[in-house]
Amino acid sequence: MTIETVSGPQFARMFCLRPIQYAWFLGAGASAAAGIPTGFAMIIDFKKRLFCELSGTKLKDVDADDPLWIGRINAFLASRSVLPPPNDPAEYAAAFEAIYRTPEDRRKYIGLAVEKGTPSYAHRVLASLITTRRAACVFSTNFDTLVETAATLTDQFVPPIERANLAVAGIDNAERAMLALAEGRPLLAKIHGDYQSVHLKNTTEELQHQDKLMRNVLTGACARYGLIVIGYSGRDASVMAALTDALSQPSAYPGGIHWVTRSAAGLLPGVQTFLEAADAAGVRTTIVECQTFDELAADVLDGLDMQPKLDTHIGDFKAPGVLQPMRLPTGDHSAFPVLQCSAIPVLSMPTSARRVSTDKPLTTAEARQMVRDAGVWAIVASTGQDIAAFGEDEALLRSFEAVGGRIAGSVILSPNEDSWAMGLLYDAVTRAVCRHRPIKARMRRHGHAVMARSDSNKESDEARTVRMSKQERLRQAYSGALYGKTPHGYTFHEGIQLRLEEAADRWWLTFEPTTFVDLPYVEQADDGPDADGNIEHKRRVDPTIDWRRERWAKRYNDTWAAIINAWANMLAGNGDGVLRATGVTEEQGVDAVFQVSPVTAWSRPSHDHAYFHRGH
């Protein structure tokens, strides 16, 4: 039996038709972007500590991020038979209990871990769904307070009478959860407890039996809502048993079961068995392939309208920095491995843009639409009060004439502080790298892309010859076509995902080579409208996933190096590396001018250890 696999955007389109029909189930992976260790990261930490304790190795000498060390630790522990094998569902509980033997120590460890967290972008989106009554029920195996903290903040952006006032219940007060579910009030149920709870479920014995009342809440919700599972591995036998038992109810999971994972191939056997049982029971079941909770949240938000204040609150999110200051190495280090990064330095970029004042505030989406309607080539963003823009002054005035648009000097750009400024520069640099080059931009809310320009009926023979000549280095790097048709008959283009990022005290234009496939969006009705008159649609599953995976599997290091160099050269262009987004002169208006270098960043190991030389 094969379970349908869909992408994040495909799932989001389905979700946005009727978001209120789903309950959410969050595992540790949902809090990873918030700075809280995942269950896997905790397992690695426990195993590292146990390895050091048994082998006499110092903790500071072991780099748990190094696959070589992980392999050595697993081999050592396997020889002692002190833990279940890697990926065994009981591995987390056994490792936790082996290192921290008392409930008090385990509670303290969890408390120190969760106190480091700050609600992520995805938590802001989920909290906004709760506040706007689009998420009625959330279950979590996590001990942190990220969801309730985020929901408390989003509630402040709506009138008191509209606030969700999320009910939070743990295993210490499951009656509160039952009451909230019965009354239809927004609920967050923590099925393993809160880090401040007296009781926590962590060890093998504790996880064997789910609290009876909380189990009833979970199964009761499964009879009322569909279930979206994200960041959860399915290691808890008691939780999986509760989810499986819920299938016996007459109307189990009316909105379906949608299990979010990085890869369908990585699901644990117990999860696969549960999904197959659900599918056999007639429950609509999908596997949603998505890399992170943040990515899925962005896809969901893209299909929903939020109140302006909530939309601004979500858009203002800034991910915490992941860079840590390190002492420069002073000794001799290994020459290899040396890694070439797919990032080129931005030597300079705009510090100001044209300010356009209007009689009424506009959102960025409204401003862009007015520019499009006027047939004007400009790059715009709303500052909240005014419009920041790159382009010709006369054309901008024509675009915003209906709202009293007028030139009002310039506005300073601070991308570190203002999300609108970051978005404006992101749009501008994407347009700039494509100008006068044989590549085209694909602008999306969840990320911009650049891809090789293909043949066109409007292109003259001379223009085609010039374009092909400029694409030759890319073509040689890929050792094949830059565009064409897949075996399935769909158009594909080789390209890159672009990002503008700050690291090591400077700005970088980073890029990720990707093969883009143009898939048609096809809706096909299932069994007609439901009780509310809504028609359920099945989305086309991407049939080219395996083709693209196989295409890239054959591209080894030398090919990757050539591809990175070719794209770096294409982005930087020739000569001085100066990129202009619009081409307007100072007399005409304000242009976005960037200067970049085709020399990519490089890295090498920042430390050395005798273990790296064990094979010498």
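These figures come from a predicted structure and were not determined experimentally.

1. Brief notes about the overall build of the protein
Here is step 1: Each helix and strand in the protein was counted, giving 21 helices and 25 strands.
Here is step 2: Residues counted as buried form 47% of the 616 residues belonging to the protein.
Here is step 3: Considering only intrachain contacts with a sequence separation of at least 6, the fraction spanning at least 24 residues in the protein is 71%.
Here is step 4: Here the protein has roughly 30200 Å² of accessible surface; of this, 51% comes from carbon and sulfur atoms.

2. Focus on the pattern of salt bridges
Here is step 1: Taken as a whole and judged by the stated rule, the model has 19 salt bridges.
Here is step 2: Across the pair arginine 442 and aspartate 518 runs a salt bridge whose closest N-O atoms are separated by 2.7 Å. In this pair, arginine 442 sits in strand 15 (residues 439-442) while aspartate 518 sits in the loop between strand 19 (506-517) and strand 20 (523-529), placing the two residues 76 residues apart along the sequence.
Here is step 3: The exposure class assigned to aspartate 518 is partly exposed, which follows from its relative accessible area of 31%.
Here is step 4: In this structure, arginine 551 and glutamate 494 form a salt bridge, with 2.7 Å as the shortest nitrogen-oxygen distance. Highlighted residues: arginine 551 in helix 20 (residues 545-553) and glutamate 494 in strand 18 (residues 491-503), separated in sequence by 57 residues.

3. Let's talk about the confidence of the model for the protein
Here is step 1: Mean pLDDT over the protein: 85, with 87% of residues reaching 70 or higher.
Here is step 2: Counting contacts from residues 194-210, a segment whose pLDDT is below 50, to residues more than four positions away or on other chains yields 61 contacts.
Here is step 3: Scored below 50 in pLDDT, residues 530-539 shows 32 contacts in the model against residues more than four places distant or in partner chains.

4. Some remarks on the nonpolar core
Here is step 1: By size, the foremost hydrophobic cluster in this structure holds 48 residues, and its most contacted members are Phe390, Val433, Leu509, Phe511, Trp567 and Phe594.
Here is step 2: The dominant element in this core, judged by the number of residues it contributes, is helix 17 (residues 419-434), at 9 residues.
Here is step 3: Setting aside chain neighbours within four positions, we find phenylalanine 511 in contact with Ser342, Ala343, Ile344, Ile496, Gln497, Leu498, Ile564, Trp567, Ala568 and Leu571.

5. Some details on unusual backbone geometry
Here is step 1: Of note, the phi angle at arginine 133 is positive, near 60 degrees, even though the residue is not glycine.
Here is step 2: Relative to the elements of secondary structure, arginine 133 occurs in the loop between helix 6 (121-131) and strand 3 (137-140).
Here is step 3: By relative accessible area, which is 42% here, arginine 133 ends up partly exposed.
Here is step 4: A positive phi angle, close to 65 degrees, is found at aspartate 505, a residue other than glycine.
Here is step 5: Along the chain, aspartate 505 turns up in the loop between strand 18 and strand 19.
Here is step 6: Classification of aspartate 505 as exposed rests on a relative accessible area of 81%.

6. Looking at the environment of valine 578
Here is step 1: Residue placement: valine 578 occurs in strand 22 (residues 578-580).
Here is step 2: In the structure, valine 578 is positioned 231 residues away from leucine 347 in sequence and 9.5 Å away in space, judged by C-alpha atoms.
Here is step 3: Beyond its immediate chain neighbours, meaning those up to four positions away, valine 578 contacts Val593, Phe594 and Gln595.

7. Let's talk about the sheet that holds strand 8 (residues 285-289)
Here is step 1: Read across the open sheet, the 8 strands follow the order 1-8-7-6-2-3-5-4; overall the sheet is parallel. Edge positions in the sheet fall to strand 1 (4-7) and strand 4 (167-169), since each has one partner strand and no second. Between one strand and the next, the sheet's axes are offset by a mean angle of 20 degrees, whatever the strand orientation.
Here is step 2: Pairing analysis gives 5 bridges linking strand 2 (residues 22-26) to strand 6 (residues 226-230), with the strands arranged parallel. From the neighbouring strand, tyrosine 22 faces strand 6, where its bridge partner is glycine 226.

8. Some words on the pairing of strand 10 (residues 343-348)
Here is step 1: Where strand 10 and strand 19 come together, 3 bridges link them in antiparallel fashion. Note on strand 19: the bridge partner recorded for isoleucine 344 is leucine 509.
Here is step 2: The sheet contact formed by strand 10 and strand 24 (residues 593-596) spans 2 bridges and is antiparallel. If you follow serine 348 over to strand 24, its bridge partner there is glutamine 595.

9. A short note on the packing of helix 1 (residues 8-17) against helix 13 (residues 293-302)
Here is step 1: Relative orientation of the contacting elements helix 1 and helix 13 amounts to 45 degrees, with a least axis distance of 8 Å. Here helix 1 lies oblique to helix 13, going by the angle between them. The two elements helix 1 and helix 13 cross, and the hand of that crossing is right-handed. Contacts from Gly8, Pro9, Phe11, Ala12, Phe15 and Cys16 in helix 1 reach Leu296, Asp299 and Val300 in helix 13.

10. Looking at the packing of aromatic side chains
Here is step 1: In total, this model carries 15 aromatic pairs according to the counting rule given.
Here is step 2: Centre to centre, the rings of tyrosine 478 and tryptophan 552 are 6.3 Å apart; their planes meet at 80 degrees, and the pair counts as edge-to-face. A residue pair is termed long-range when its members are at least 10 positions apart, and tyrosine 478 in helix 19 (residues 472-478) and tryptophan 552 in helix 20 qualify at 74 residues.
Here is step 3: Positioned over the ring face of tryptophan 508 is arginine 506, at 5.4 Å from the centre of the ring.
Here is step 4: Lying across the ring of tryptophan 552, arginine 555 places its NZ or CZ 4.3 Å from the centre.

11. Observations concerning helix 15 (residues 364-373)
Here is step 1: Among all positions of helix 15, only Ala367, Met370 and Val371 are buried. Here the buried residues of helix 15 occupy an arc of 100 degrees about the axis, which is enough to place them on one side. Counted as exposed and oriented over 90 degrees from the buried face of helix 15: Ala365, Arg372 and Asp373.
Here is step 2: Just past helix 15, the residue glycine 375 takes up positive phi, approximately 65 degrees.

About the cut-offs
Residues numbered from 1 in each chain as written. Predicted model: local features only at pLDDT ≥ 70, side-chain atom pairs only at ≥ 80, totals over all residues. Heavy atoms only, no water. Helix = DSSP H or I, 4+ residues; strand = E, 2+ residues; numbered from the N terminus. Buried < 20%, exposed > 50% of the residue type's maximum accessible area, 1.4 Å probe, protein only. Contact = heavy atoms within 4.5 Å. Areas by Shrake-Rupley, 256 points an atom, 1.4 Å probe, with all protein chains shown as cover. Salt bridge = Lys/Arg side-chain N within 4 Å of Asp/Glu carboxyl O. pLDDT = per-residue confidence, 0-100. Core = buried A, V, L, I, M, F, W, Y, C linked by side-chain atoms within 4.5 Å. Pairing = 2+ DSSP bridges. Axes fitted to C-alpha atoms, helices over the stretch in contact; angles between N-to-C directions. Parallel < 35°, antiparallel > 145°, perpendicular 65-115°, else oblique. Left-handed = near helix turned anticlockwise from the far one by under 90°. Phe/Tyr/Trp six-rings, centres within 6.5 Å; stacked < 30°, edge-to-face > 60°. Lys NZ or Arg CZ within 6 Å of the ring centre and 35° of its normal. Arc of directions from axis to C-beta.

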